[in-house]
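Observations on the model geometry
Here is how the chains run, residue by residue.
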Amino acid sequence: MRVKLGFLLRSLLIVGTFLALVTLWSRLLSTQGEDGDPFVRQMPGRDVNKPNIPNNGPVVNNKFQPVVPWPQVEGVEVDLESIRLKNKNVPQQGAADNNQQNAIQKQYLTFKPQKFAYPDPMLRNGVLGNFETKQPEPPGVANGPGEEAKPLVLGAEYKDVVQSSIKEFGFNMVASDQISLDRSINDLRHEECKYWQYDERLLTSSIIIVFHNEGWSTLMRTVHSVIKRTPKQYLAEIVLIDDYSNKEHLKERLEEYLKQWNGLVKVFRNERREGLIQARSIGAHKAALGQVLIYLDAHCEVGPNWYAPLIAPITADRTTCTVPLIDYIDGNDFTIEPQQGGDEDGFARGAWDWSLLWKRVPLNSREKARRMHKTEPYR
């Protein structure tokens, strides 16, 4: 039996390649560092756990230096580590995990079928809705800056401090601090929205607001607007979650300010930076009074009669989640404008594209045909 020369050469090539790969992998494993990375070789006299920084003299403290505070705007920072160490009742991670698991288990055990049949809202053209205010909303300060969401434009002498406030807080806090926390705003709703009638047996709510180093006036204007424009019989509590802020005005000053509402507004502080979503989950655990959880940004203002249209679909079916139309507050002059995009009526769905960018997609013809009225909720 003859063995062809070509077959023999191919066999030797395959075997040789396999042996070379085994040898290479063995060498990589033998030089593996303590961190488990086979591609890290420890150099003589070098600690792989420390960065390779040349020693060219004394180490310079690169700690962030806060912007020098400007009039009526706070930028002073506090030492969070010393505050954290004072708390002797910090739960262990394992205990926290067990508490979360127990809470989830309890939620499943207490979930019962809904028996209350909430009637559908009714549109009566020409008849003002039962949740609409009969009188115009009172201003925070009569003819004051920013009332009715009119633009507040500062002079050129404020240019430097305005830029500093935007750099630190993301908004023109110099303008914001001159606007009343109880300011009146413009009504951007469709005219038809004012004539919906809602059954008054709505569910109560806990409002959860997460903040981190938020400016004082934008945060407090959010709280003030909720209290001002929400029927008090439905507002169970406002839960503020401080996601490890280090601004001085968000510490004792905030706690003293909230006392005026006698426990309606509460603040809880994270012992470390958790991030927005985890902080909101913590807020859900802290909220104990409302039947519905509502999440708001820390720099928003709720509009006229915002509560009933948002909660009515949930009251009818508690497996429903609702999202409002979110108008736009200009961060420079604090005007309020309708959100752009959508169909001819400004209605759109929110969606993510493949680049994970948020898009507003106009309603399709099928969804429009399903609704009897232009201002009905849509899916």
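About the thresholds
Residues numbered from 1 in each chain as written. Predicted model: local features only at pLDDT ≥ 70, side-chain atom pairs only at ≥ 80, totals over all residues. Heavy atoms only, no water. Buried < 20%, exposed > 50% of the residue type's maximum accessible area, 1.4 Å probe, protein only. Helix = DSSP H or I, 4+ residues; strand = E, 2+ residues; numbered from the N terminus. Core = buried A, V, L, I, M, F, W, Y, C linked by side-chain atoms within 4.5 Å. Contact = heavy atoms within 4.5 Å. Salt bridge = Lys/Arg side-chain N within 4 Å of Asp/Glu carboxyl O. Pairing = 2+ DSSP bridges. Axes fitted to C-alpha atoms, helices over the stretch in contact; angles between N-to-C directions. Phe/Tyr/Trp six-rings, centres within 6.5 Å; stacked < 30°, edge-to-face > 60°. Lys NZ or Arg CZ within 6 Å of the ring centre and 35° of its normal.

Time to look at unusual backbone geometry. One non-glycine residue with positive phi stands out, namely N262, at about 55°. The exposure class assigned to N262 is exposed, which follows from its relative accessible area of 73%. In this model, L356 sits at a positive phi of 60°, which is unusual for a non-glycine residue. By the element assignment, L356 lies in the loop between β9 (348-352) and β10 (358-362).

With that settled, consider the nonpolar core. Formed by 38 residues in total, the largest nonpolar core has its most connected members in L202, I207, I209, I238 and I294. Elements supplying a minimum of two residues to this core: β3 (205-211), α6 (216-229), β4 (235-242), α7 (252-258), β6 (292-296) and α9 (307-316). Looking at this core element by element, the count peaks at six residues for α9. Sequence-distant contacts of I209, that is, excluding residues within four places in its chain, are made with L219, T222, V223, I238, V239, L240, I241, L296, D297 and A298. Counting residues in each nonpolar core, the second largest holds seven residues, with L152, F169, F171 and I179 among its members.

Counted according to the given criterion, the structure contains 23 salt bridges. Residues E148 and K150 are paired through a salt bridge, measuring 3.8 Å at the closest nitrogen-oxygen approach. Note that D243 is salt-bridged to R273, the shortest N-O span being 3.1 Å. Remark: R273 occurs in the loop between β5 (265-269) and α8 (276-286) and D243 occurs in the loop between β4 and α7; sequence separation between them is 30 residues. Residues joined in a network through salt bridges with shared partners are D242, K251, E255 and R269.

A word on the sheet that holds β5. The sheet built from four strands is open, its strands ordered β5-β4-β3-β6 with parallel pairing. What marks the edges here is a single partner per strand, and that holds for β5 and β6. Adjacent strand axes in the sheet meet at a mean angle of 25° when their direction is disregarded. Bridge analysis of β4 against β5 gives five bridges, and the strand direction is parallel. Its bridge partner being in β5, V239 is matched across the sheet by K266. Of the strands in this sheet, β3, β4, β5 and β6 touch α6, which is tilted by about 170° from β4. Against the sheet, α9 engages β3 and β6, with an angle of about 135° to β6.

This structure, assessed with the given rule, holds eight aromatic pairs. Ring centres of Y234 and Y307 lie 5.5 Å apart, and the angle between their planes is 15°; this geometry places the pair in the stacked category. With a gap of 73 residues between them, Y234 in the loop between α6 and β4 and Y307 in helix α9 connect regions that are remote in the sequence. On the basis of an interplanar angle of 70° and a centroid distance of 5.0 Å, the ring pair of W352 and W358 is categorised as edge-to-face. The same class applies to W352 and to W358, which are both exposed. An aromatic cluster of three or more residues is present, and its members are F131, Y198, Y234, W306 and Y307. The ring of F334 has R221 sitting right over it, with the charged end atom 6.0 Å from the ring centre. One Lys or Arg, R253, reaches over the ring of W216 and ends 4.0 Å from the middle of that ring.

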